[in-house]
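# Structure assessment
For reference, the chains in residue letters:
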Amino acid sequence: MISFRKVKINSLQGKTLVHETSFEVVSAKIVGFYGPNGSGKSSLLKVLSGQVRDREVSGENWNDEMPIFDKNLSAKVRSQKILYIGSDFQTPFQISVRELLEMAKEANPSSQENISEVAESFGITSLLFRSFDEMSDGEKQRVMLARGIVQSPKWLVLDETFSKIDLDHSFHLIGELKKRAKNGLGIFIASHDLNLISEMVDDLWFIKNGRIVVSGSIEDVLTTENLKQLYPDRVVHVVRSPDNGKKKVIY
Amino acid sequence: MNKKNTTIVLIVAILLELFLRIDFGNTALIITELRLPRLILAFAVGSALALSGSVMQTVLNNPLAEPYTLGVASGAALGAAIFNSIGLNLSFFGLNVGAVVGAILVLAALFKIIFKTQLRFDSVVLLGVMLSFTCASMLAIWMSLADPVGVQSITFWLLGDLSRIGLKSAIALLSLSSVFYVYFYKFSKKLDAFLFGESMVEGFGVSLKDTQRVAVVLVSILVGFCVSAAGMIGFVGLMVPHFVRKKMGTSLHGKILPYVFVWGGICLILSDAIAHAIAFPLELPVGAVTALIGAPIFIYLYIFQNKTRGFES
């Protein structure tokens, strides 16, 4: 269970990024974050996973019995509980994908995942011996998703990690993530592609101006009226996919 | 790059350093009294600088970081000059304590600023370059005000000089360098976590602040002693880690650090052999040789051995 109690996030310059927020996520599920640029999605997700370095953060963040904000909590223990993965990966250093996955595996000794199997199911076997710094942005994101699975935390936080992955791979990877979620992995995912995340999320939260404005199951939240709250000037329709009945937006 | 060719090159370098341009009158004496201490010192300083450069590049995630671009070396030089001028010649196995103090002060200042303002890593090297300029100009002012004899002795030292230290001090420095190597080697996994940038360090279960602190303190101590023993020898710390990473195709510290250590030593031994042989009986400052030979080789390697990267992006 994640319990966020009266958490406030300011930038170091004192600007409010996220207003006082409290929420609970009782059991592992897939939660989607959606909202305009600069609404505080990333701040919320980073702080949720314990990255408080370049922000001023107050309040409490409990993950099961673990106080995520506690300075004495080791990075190792925290990363086994909740792991943040962003969208932009740059490194000036050469290192192969396989070596990266081995690092991930070593970061969590209790991980039961097998590198070759995860690579196979995530479709990155052919990338294993490529150097990470030489790959395309989309390939890097696919590799980092696999890395998150290899490291096997309780919660995985994906901050627009799908932003450059092609349609085919996206759907395949969503399938893989959903399998893991069935086995107890909790996922937070921020994305600007509602039609993509509607394929996977249980809950959907709308974030605007540093506040969670709506939250609940995707069936309840994804409506034309709620979207109007986020983007008042935009005409957006919510329809159902003829294939699987999931909610989709057209605009 | 493997054990075999590294060993061969090391042996060739050692032989060159010991026997090149030797006066056959009193060979034994020259070798034991002059060449051997230089050989050991060259290996110790070269390996220590390469190790330091490698660690700095990693923990700051910047390929340009090394003791010199971060101002550590200038700080050491300034410290040594000031301590010398005010007659405070504290020594530790013949090594200058002033230099160590200067090096640590500069890095401490640098990291105080980083941790206080939480600057991004990218800005750190820029800040280091500024600190380096500040120290260099303070040194220049100090030298123009100090007595000319002292200045002349320090000028050569500033350009790098491996000939002033006795066997005992050279061995002391080699032990220091080796101990630090062993420590950093054991530290490999933590350093690896820095390879993907600052935002991902903690995701690999490694504390960013603690690791950076330990690395910075150790590197400044090591560089301080190097500068005090051999003056300012640039470039080894920048070039050797890149060279090794490129040749091995990986940046994992458990794999590269042994080669960084040995090749750092080889690099400086060869440079010193060239420095004392090429204009015999005159001697060139070894610091000038490392950069003069190293820079073109580095540019060549970077451009021509780097077909997949370098020109794109």
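Look above for the structure.
Conventions and cut-offs
- Residues numbered from 1 in each chain as written.
- Chains lettered and ligands numbered in written order.
- Predicted model: local features only at pLDDT ≥ 70, side-chain atom pairs only at ≥ 80, totals over all residues.
- Heavy atoms only, no water.
- Buried < 20%, exposed > 50% of the residue type's maximum accessible area, 1.4 Å probe, protein only.
- Helix = DSSP H or I, 4+ residues; strand = E, 2+ residues; numbered from the N terminus.
- Pairing = 2+ DSSP bridges.
- Right-handed = clockwise from strand over helix to strand, strands pointing away.
- Patch = residues over 30% accessible without salt bridge, like charges linked within 9 Å, V, L, I, M, F, W, Y side chains within 5 Å.
- Areas by Shrake-Rupley, 256 points an atom, 1.4 Å probe, with all protein chains shown as cover.
- Salt bridge = Lys/Arg side-chain N within 4 Å of Asp/Glu carboxyl O.
- Contact = heavy atoms within 4.5 Å.
- Buried area = accessible area lost by both parts, 1.4 Å probe.
- Polar contact = N/O pair within 3.5 Å; in protein donor to acceptor, adjacent residues only side chain to side chain.
- Nonpolar A, V, L, I, M, F, W, Y, C, P; charged D, E, K, R; others polar.
- Expected span 1.5 Å × (residues − 1).
- 1 Å grid on protein atoms, 1.4 Å probe; cavity = no way out; pocket = protein on both sides within 12 Å on 5 of 7 lines; lining within 4 Å.
- Points joined across faces, edges and corners; volume = space filled by probe spheres on them.
- Core = buried A, V, L, I, M, F, W, Y, C linked by side-chain atoms within 4.5 Å.

### Quick word on the pairing of strand S8 (residues 186–190) of chain A
Residue and element names in this part refer to chain A.
- In terms of residue burial, S8 counts as a mostly covered element, since five of its five residues are buried.
- Neither face of S8 is left uncovered, since the one carrying Gly-186, Phe-188 and Ala-190 and the one carrying Ile-187 and Ile-189 both have all their residues buried.
- Where strand S3 (residues 30–34) lies against S8, four bridges are found, and the strand directions are parallel. Bridged to Ile-30 within S8 is Ile-187.
- Alignment of strand S7 (residues 155–159) against S8, held across five bridges, turns out to be parallel. Looking at S8, one finds that Val-157 is bridged to Phe-188.
- Crossover S7 to S8 through helix H6 (residues 167–182) is right-handed.

### Observations regarding a nonpolar patch on the surface
Residues and elements named next belong to chain B.
- A cluster of nonpolar residues, Ile-274, Ile-278, Leu-284, Leu-292, Ile-293 and Ile-297, forms a patch on the protein surface that exposes about 520 Å² of accessible area.
- With three residues, helix H12 (residues 286–304) is the single largest residue contributor to the nonpolar patch.
- Mapped onto the elements of the fold, Ile-293 is located in helix H12.
- Look at Ile-293 and you get partly exposed, because its relative accessible area is 33%.

### What to know about the pairing of S3(A)
- A large share of S3(A) lies buried, amounting to five of its five residues.
- Residues A:Ile30, A:Gly32 and A:Tyr34 of S3(A) are buried on one face, and the alternating residues A:Val31 and A:Phe33, pointing to the opposite face, are buried as well.

### Topic: the interface of chain A and chain B
- Residue-level contacts link 29 residues of chain A with 33 residues of chain B.
- Buried area between chain A and chain B, summed over both chains or domains, comes out near 2500 Å², and the portion from carbon and sulfur atoms is 56%.
- Considering only the surface of chain A that becomes buried against chain B, A:Arg53, A:Phe93 and A:Gln94 emerge as the three largest contributors, covering 30% of it.
- Scanning the region where chain A abuts chain B turns up three salt bridges.
- One salt bridge in this structure joins A:Glu106 and B:Lys189, with 3.3 Å as the shortest N-O distance.
- One can count 10 residue pairs in polar contact (both at pLDDT 80 or more) joining chain A with chain B.
- Elements with a contribution of two residues or more to the side of chain A that touches chain B: helix H2 (75–81), helix H3 (97–107) and helix H5 (137–151) of chain A.
- Considering every element that reaches the side of chain A that touches chain B, the biggest residue donor is H3(A), with six residues.
- Class assignment for the residues of the side of chain A that touches chain B results in 13 nonpolar, six polar and 10 charged.

### Things to note about helix H4 (residues 97–117) of chain B
- Taking 1.5 Å as the rise per residue, H4(B) with 21 residues should run 30 Å; its terminal C-alpha atoms sit 30 Å apart, in good agreement.
- All of the buried residues along H4(B) are B:Gly98, B:Ala99, B:Val100, B:Gly102, B:Ala103, B:Val106, B:Leu107, B:Leu110, B:Phe111, B:Ile114 and B:Phe115.

### Some words on the pattern of salt bridges
- Across all of its chains, the model carries 16 salt bridges over all chains by this definition.
- Through salt bridges that share partners, A:Glu113, A:Glu176, A:Lys179 and A:Arg180 make up one connected network.

### What to know about empty space enclosed by the protein
- All chains considered together, the criterion is met by three cavities of 30 Å³ or more.
- In this model, the largest cavity occupies a volume close to 120 Å³.
- For the largest cavity, the lining is made up of 14 residues, of which A:Ser49, A:Gln51, A:Ile82, B:Glu202 and B:Gly203 are closest to its centre.
- Contributing elements (two or more residues each) for the lining of the largest cavity: H2 and strand S6 (82–85) of chain A.

### Description of the nonpolar core
- Within the largest apolar cluster, 154 residues are counted, with the highest numbers of intra-cluster contacts made by A:Phe162, A:Leu177, B:Phe184, B:Phe196 and B:Ile233.
- The greatest single-element share of this core, amounting to 16 residues, is contributed by helix H2 (residues 27–59) of chain B.
- Excluding residues that lie within four positions of it along the chain, A:Leu177 makes contacts with A:Phe122, A:Leu145, A:Ile149, A:Leu156, A:Leu158, A:Phe162, A:Ile187 and A:Met200.

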